[in-house]
Amino acid sequence: MHQALCLKTLLLLSFGGYVFSQDQCTKASVSTCDDCIKSGPACAWCQELNFTKPGEQEAVRCDTRTVLLGKGCLETNIVSPRSNHKKDKDRPLSGGQHQKDPVQIQPQEITLELRPGHPFTFEFKFQRAEGYPVDLYYLMDLSYSMGDDLKNVKNLGIQLLNKLKSITGHARIGFGSFVDKTLLPFTDTNEEKLKKPCPPKEKDCQPAFGFQHVLNLTEDAELFTTMVSKQNISGNLDTPEGSLDAIMQAVTCVDQIGWGNSTRLLVLATDAGFHMAGDGKLAGILEPNKETCQLDGNMYSKSNIWFSQLKLEKQNIQPIFAVTENVADVYTELSKLIPKSAVGVLSADSSNVVNLIVEAYNKLSSSVIMTHDVLPEDITVKYASDCETGDKKETCNGVTIGKKVTFNITVKAESCIDTKSFNIGPMGFRERLKVNVKTRCKCECDNRMSLHEHCNNRGSVICGTCRCQGGFLGQRCECSLGEKDEATLKAQCRKDNGTECEGRGECECGVCKCHLTEGGQYYYGSHCECDNEHCEKYQNKLCGGNGNCRCGVCECFEDFEGSACQCRKSNDACTTSGSDCHGRGKCVCNQCVCMREYKGPKCEKCHTCQLPCQKSGSCIECLAFGTGSFAKNCSKSCSHLQHEMNEKLINNDCRVKDHEGCWMFFSMTEKDGFDKYSVKILKERGKTK
């Protein structure tokens, strides 16, 4: 099967498949080969000497294989550990032949060395062997309504064993029974009723009980008949029974029941539904089942203390619900929640139970569902099969004896981990593949050289970089701590006694070597204080797309302006006679940005400003009359005033005394700019009265 995948090109090898993609290498703080390998699955390291320029960060050695090749690094000098595998146990399959200890899975143990982030695929084979043993535990509801069924079950042992042996060659059968918790409202707790919970007409009636184990798994059909023949019916009050309690004990009491290395079947025969966990509250039972065997002799000792819950997968037990038609729908829904389970409808007296069990066994054993233990943290597993049946990738249906099916199992480690193990195998079968997982997070470089001239004979070459001896620092171990103490060198990397290299680089020999930014560029500046990724944005674009970001400030292209280069240069709306914005502001984005107290579209108004009449008195006196304190340097001191003398004044805005105490009369009109005025002065001064 071939698939076209957008943006990524995946290569899958037939066995031991190493899956990789041409992705970007996203690296943060990288100074060594190990740092690089841990940065991402697409990252590789160039161990070539002189690959970096003097003063250039060693992080440039870390990139994708394609980029490194493009920069001139030889293929032989690129370090990029790949995932691999080793089969620790790989016994061949039995091939469907009858054997004492058949091998149905291959391999049996494998060790994976995974590069984090890289999926690794290997083949897992399964083949059903002839004669694989079957253990069947018959768990029967002995409430009063099952009386007729018990009579038939007493005689089915020989027939059932012979039928199973005709299919598998090896079969064993065991027996257990259940009713319900012996507490109200489940069972009548009257002392006499507990001893004999059946109707008065029933002579053979055993006391009420939860679950009892009657017969260990055995090949002796006559013993099965003998032991089951000794069983009597019992009873309870409500319709649901304690079947889940009984199943849990049958599952957890492995040694007591005698479950072997076999296909394990648990047949539940009942004509009633089951109590669920919440029902326990009716009798004050709040503690859940602890998933442990609690048989005292052959009786379940915690029936009235723990409420019901059900877990079967751990012991690879496959339930067959042999139920009457009235509750078939209930158990069908339960079966949907339990992989590798089946439901069969009993006749009224269970006379069809043998055929029902055989049909269910054939259905269950022909379905192969792959499963695994609880996985270690940061490990994922996916399955794909070569069979055409089955609606799920981990499932193959219709697998007959001798038919071989192959699953491609893909394992991925998301991060570097210590060695972990887990098991994989087909559900319902005891055989398991043990998977040991190690991660490859260390560089395996071949150019390790001690006291090399590349490092000024002060350090060793490891993966192309220098590892300096004590007392030396620098890219080539060129910096000696004997010349300056380490504290002095580090102080040179702190701006205003702040953080070393602003927390954006490493201090090497008193010089900041800056890290990569989030966008893959480098911080820069003597203290790594600058980057070109954090400027003002306009329309979600850095510098509006109309300029370059330089150390946090937008440098706009020629035809643009604004803090985010958001405007085309124009002063059409700012132009006034002779200047922009009357010389009282800046034209930004074709709008006047006024200064001081000036307002208006073109900075034409200042509502709070007053004419500087009194302040201008000395200039008025020297300009008009050649006297006063500014007389000697009038043109220089009073250049901001442009004056003319008038016989009459229409507006007599200002009146100021000269140095002799005479009144000077004048009017002032503001000009463009700040503190510039056109002044009209009355020729005649007035005497003070």
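- An unreviewed UniProt entry lists the protein under the name Integrin beta, with Electrophorus electricus as the source organism.
- According to the UniProt record, the Sequence similarities (unreviewed entry) comment for the protein reads "Belongs to the integrin beta chain family."
- Turning to the protein, the UniProt annotation filed under Subcellular location (unreviewed entry) states: "Cell membrane".

**Points about the overall build of the protein**
Then step 1. Scanning the protein from N- to C-terminus turns up 13 helices and 44 strands.
Then step 2. By the compact-globule yardstick of 26 Å for 689 residues, the protein is too spread out, its C-alpha radius of gyration being 46 Å.
Then step 3. By residue count, 46% of the 689 residues in the protein fall in the buried class.
Then step 4. Taking the intrachain contacts of the protein between residues at least 6 apart in sequence as the baseline, contacts between residues at least 24 apart amount to 60%.
Then step 5. Accessible surface, the protein: about 35400 Å² in total, of which carbon and sulfur atoms supply 47%.
Then step 6. Taking the average location of the 84 positive side-chain charges in the protein and that of its 88 negative ones, the two points are 5 Å from each other.

**Description of the packing of helix H4 (residues 157–168) against helix H10 (residues 353–365)**
Then step 1. It is the contact of H4 with H10, at a shortest axis distance of 10 Å, that shows an interaxial angle of 25°. Our classification of the angle between H4 and H10 gives roughly parallel. Both H4 and H10 take part in a crossing whose hand is right-handed. Where H4 abuts H10, its residues Gln-159, Leu-160, Lys-163, Ile-167 and Thr-168 lie against Val-354, Ile-357, Val-358, Tyr-361 and Asn-362.
Then step 2. Among the residues forming the contact of H4 with H10, the class breakdown is six nonpolar, three polar and one charged.

**Description of helix H6 (residues 221–229)**
Then step 1. Listing the buried residues of H6 in full gives Ala-221, Phe-224 and Val-228. Viewed end-on, H6 has its buried residues packed into an arc of 55°, placing them on one side of the element.
Then step 2. Among the residues of H6, the N-terminal cap falls to Asp-220, whose side-chain oxygen and the backbone nitrogen of Glu-222 are separated by 3.1 Å.

**Considerations on the packing of H4 against H6**
Then step 1. Closest axis-to-axis distance for the H4/H6 pair is 8 Å, and the angle between their directions is 145°. In this structure, H4 meets H6 at a crossing whose hand is right-handed. Here Gly-157, Ile-158 and Leu-161 of H4 lie close against H6, whose contacting residues are Ala-221, Phe-224 and Thr-225.
Then step 2. When the residues that make up the contact of H4 with H6 are grouped by side-chain class, the tally is four nonpolar, two polar and no charged.

**Observations concerning the packing of aromatic side chains**
Then step 1. All told, the structure shown has eight aromatic pairs when counted by the stated rule.
Then step 2. Centre to centre, the rings of Phe-321 and Tyr-331 are 5.4 Å apart; their planes meet at 40°, and the pair counts as tilted. Within this pair, whereas Phe-321 is found in strand S17 (residues 317–324), its partner Tyr-331 is found in helix H9 (residues 328–336), the two being separated by ten residues in sequence. Comparing Phe-321 with Tyr-331 shows no difference in burial state: the two are buried.
Then step 3. Three or more aromatic residues link up through ring pairs in this structure, and these residues are Phe-126, Tyr-132 and Phe-429.
Then step 4. Between the NZ or CZ atom of Arg-685 and the centre of the ring of Phe-625, over which it lies, the distance is 4.0 Å.

The rules we used
Residues numbered from 1 in each chain as written. Predicted model: local features only at pLDDT ≥ 70, side-chain atom pairs only at ≥ 80, totals over all residues. Heavy atoms only, no water. UniProt positions renumbered as here; feature names shortened; annotations may be inferred. Helix = DSSP H or I, 4+ residues; strand = E, 2+ residues; numbered from the N terminus. Rg over C-alpha atoms; globule rule 2.2 N^0.38 Å. Buried < 20%, exposed > 50% of the residue type's maximum accessible area, 1.4 Å probe, protein only. Contact = heavy atoms within 4.5 Å. Areas by Shrake-Rupley, 256 points an atom, 1.4 Å probe, with all protein chains shown as cover. Lys, Arg positive; Asp, Glu negative; His and termini not counted. Charge placed at Lys NZ, Arg CZ, Asp CG, Glu CD. Axes fitted to C-alpha atoms, helices over the stretch in contact; angles between N-to-C directions. Parallel < 35°, antiparallel > 145°, perpendicular 65-115°, else oblique. Left-handed = near helix turned anticlockwise from the far one by under 90°. Nonpolar A, V, L, I, M, F, W, Y, C, P; charged D, E, K, R; others polar. Arc of directions from axis to C-beta. Polar contact = N/O pair within 3.5 Å; in protein donor to acceptor, adjacent residues only side chain to side chain. Phe/Tyr/Trp six-rings, centres within 6.5 Å; stacked < 30°, edge-to-face > 60°. Lys NZ or Arg CZ within 6 Å of the ring centre and 35° of its normal.

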